[in-house]
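An overview of the molecular structure
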Amino acid sequence: MSSTASALTRSKRLALGLLLLVTVAFVASHFLAQTLAVQCLRAVAEAAMVGALADWFAVSALFRRIPIPWVQRHTAIIPRNKDRIGDNLAVFVRDRFLDPVSLVALLRRHDAAQALADWLGAPGNSQLLGRQLARLALAGLELVQDRQVERLLAQALRAVLAQVDFSRALATGLQALTQDGRHQAVLDDVLRRISAVLQQTDTQHLVAEAIVQWLKREHPLKEKLLPTDWLGDKGAELAAQALESLLHDIAHNPQHRMREAFDGALQRLIVRLQQDPDYARRGEQFRHYVLHDEKLATYLRDVWRRMRQRLEADLADPHSHIARKLAGMGRGLSQALAQDAALRASMNTRLEAWAQALAPEVSEFIARHIRETVQRWDAQELSALVEQHMGKDLQFIRINGTLVGGTIGLLLFGLGQLAQWWSAG
């Protein structure tokens, strides 16, 4: 028997013991000499019995049916009203704990961003976060590894790809990339990288060797007469300088014709992707290839299997590289939040906005869960569960009823005696 059940049993025995005690006293008072003290004892015991029985009925009527005419329909209150109790509890939790105002006030009271920074900054917490996220990722991989789940995901991916218009999707992507001249930033980065490659010694040696090989192949006689190695080195140097000069002009001139040509080519490609039936047909062919080519499917499955195995091996390792990276990200986030008040304010503002936006749906989901869970419970089991956890305190109502009833009986007896003495005097 659990400690809760034992405590309830002891409380019931104490309340019942008091009732039996005052009952015995009431019965015994009829067989004793009717002195003033005995009359007082009878009055106290009688009132205590009334109080004890009334409170026994009140407490017992909460949990079980009491077959007393005219009042039995008002007993077994908890079992008969189980569903209504569940509804009221669900509404109470939804409207008093999970409403947007309460959640936003909770976030503001605890400064969620600062609390997150403090928690992540505490020793060991970032490592704990990394390990727990790694465990979640490993559990997700194990779930995906299930053949039925894997087949379901493959079917869902096929269904999504079957609805995609690849040519128009590519056009939309290019439009997003070219909006506000974003593609020019990409071009600038490409130009810088090409310029860096041209300045490398290995690149110039490769160009020089290509020039020498071209002379040997196209002009074998001149190659024997001319200093080919010198020509190759000089040619590579001149080519690098010419390309470097061109790239410099393009990079520092927003109106350069090469940039305009780049813009024009992208815009023409976008229009063709949107309107040209030939591009639409190619997109359809590509989609058919992705969906139905067995070699591609086998290759992708093999790539995914190897990648998953590597991920699982790393995530299962106590010294997981991914977990360390996640822990490092946690420490970085903690430092950024601790040092940047504007970032904390921004995060708190976003959390409050999310709470306000998500609270209605989340609170309704939790309320529905509470309501349905209570409805599934057996009425008698629920009644027994509530009695087990609250019955101990409720038994003190019976005890107090006995004591208060006896006190009132004593008071009324005393007032009655005073009235008799007054009238006799």
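Cut-offs and rules
- Residues numbered from 1 in each chain as written.
- Predicted model: local features only at pLDDT ≥ 70, side-chain atom pairs only at ≥ 80, totals over all residues.
- Heavy atoms only, no water.
- Helix = DSSP H or I, 4+ residues; strand = E, 2+ residues; numbered from the N terminus.
- Expected span 1.5 Å × (residues − 1).
- Buried < 20%, exposed > 50% of the residue type's maximum accessible area, 1.4 Å probe, protein only.
- Arc of directions from axis to C-beta.
- Polar contact = N/O pair within 3.5 Å; in protein donor to acceptor, adjacent residues only side chain to side chain.
- Salt bridge = Lys/Arg side-chain N within 4 Å of Asp/Glu carboxyl O.
- pLDDT = per-residue confidence, 0-100.
- Axes fitted to C-alpha atoms, helices over the stretch in contact; angles between N-to-C directions.
- Parallel < 35°, antiparallel > 145°, perpendicular 65-115°, else oblique.
- Left-handed = near helix turned anticlockwise from the far one by under 90°.
- Contact = heavy atoms within 4.5 Å.
- Nonpolar A, V, L, I, M, F, W, Y, C, P; charged D, E, K, R; others polar.
- Patch = residues over 30% accessible without salt bridge, like charges linked within 9 Å, V, L, I, M, F, W, Y side chains within 5 Å.
- Areas by Shrake-Rupley, 256 points an atom, 1.4 Å probe, with all protein chains shown as cover.

What follows deals with helix H17 (residues 321-339). End to end, H17 covers 27 Å across 19 residues, agreeing with the expected 27 Å (1.5 Å per residue, within 8%). Within the sequence span of H17, burial applies to Ala323, Ala327, Gly330, Ser334 and Leu337. Down the axis of H17, the buried side of the element spans an arc of 90°, and every buried residue falls inside it. Across H17 from its buried face, at more than 90 degrees, point the exposed residues Lys325, Met329 and Gln339. By the N-cap criterion, in which a side-chain oxygen at the helix start approaches the backbone nitrogen of a residue two or three places on, H17 is capped by Ser320, the distance to Ile322 being 3.3 Å.

Moving on to the environment of His389. Here His389 shows up in helix H19 (residues 379-424). For His389, a relative accessible area of 54% gives the class exposed. Distance from His389 to Ala7, taken between C-alpha atoms, is 9.6 Å for residues 382 residues apart in sequence. Separated by 3.0 Å, the side chain of His389 and the backbone oxygen of Leu385 make a polar contact.

Moving on to the pattern of salt bridges. Once the charged atoms of two side chains with opposite charge are near each other, the side chains can pair. A complete count under the given rule lists 12 salt bridges for this structure. The closest approach of N and O atoms between Glu387 and Arg64, which form a salt bridge, is 2.9 Å. Remark: Arg64 occurs in the loop between helix H2 (36-63) and helix H3 (77-80) and Glu387 occurs in helix H19; sequence separation between them is 323 residues. Of the charged contacts in the structure, one is a salt bridge between Arg108 and Glu352, with a shortest N-O distance of 3.3 Å. One end of the pair, Arg108, is in helix H5 (residues 100-110); the other, Glu352, is in helix H18 (residues 341-376), and 244 residues separate them in sequence.

The next point concerns the confidence of the model for the protein chain. For residues with low pLDDT, the predicted coordinates do not support detailed interpretation. When the pLDDT values of the protein chain are averaged, the result is 81; 82% of them are 70 or greater. Per-residue pLDDT, averaged within each element of the protein chain, yields its smallest value for helix H12 (residues 220-225) (50) and its largest for H18 (92).

Moving on to the environment of Asp317. You can see Asp317 is positioned in the loop between helix H16 (294-316) and H17. A polar contact is formed between the side chain of Asp317 and the backbone nitrogen of His319, at a distance of 2.9 Å.

This part covers the packing of helix H4 (residues 82-96) against H18. Between two packed helices, what matters for the description is the angle formed by their axes and the separation of those axes. Remark: H4 packs on H18, axes separated minimally by 8 Å, with the N-to-C direction vectors making an angle of 160°. The angle between H4 and H18 falls in the class roughly antiparallel. Seen from above, H4 lies across H18 with right-handed handedness. For the pair H4 and H18, the contacting residues are Lys82, Asp83, Gly86, Asp87, Leu89, Ala90, Val91, Val93 and Arg94 in the first and Ser363, Glu364, Ala367, Ile370, Arg371, Val374 and Gln375 in the second. Taken together, the residues of the contact of H4 with H18 break down into 7 nonpolar, 3 polar and 6 charged.

Glancing now at the environment of Ile322. One can find Ile322 in helix H17. Owing to a relative accessible area of 27%, Ile322 belongs among the partly exposed residues under this scheme. Residues Ile322 and Gly130, spaced 192 residues apart in sequence, show a C-alpha to C-alpha distance of 7.9 Å. Beyond its immediate sequence surroundings of up to four residues, Ile322 is in contact with Leu311, Asp314 and Leu315.

A surface patch of nonpolar side chains, about 820 Å² in accessible area, is lined by Leu36, Val404, Ile408, Leu411, Leu412, Leu415, Leu418 and Trp421. A total of 7 residues in the nonpolar patch trace back to one element, the largest contributor, which is H19. Examined against the element boundaries, Ile408 turns out to sit in helix H19.

Next up on the list: unusual backbone geometry. Here the phi dihedral of Ala76 falls at roughly 50°; this positive angle occurs in a residue that is not glycine. By the element assignment, Ala76 lies in the loop between H2 and H3. You will see that Asp111, though not glycine, has its phi angle at about 50°, which is positive. With respect to the secondary-structure elements, Asp111 resides in the loop between H5 and helix H6 (112-121).

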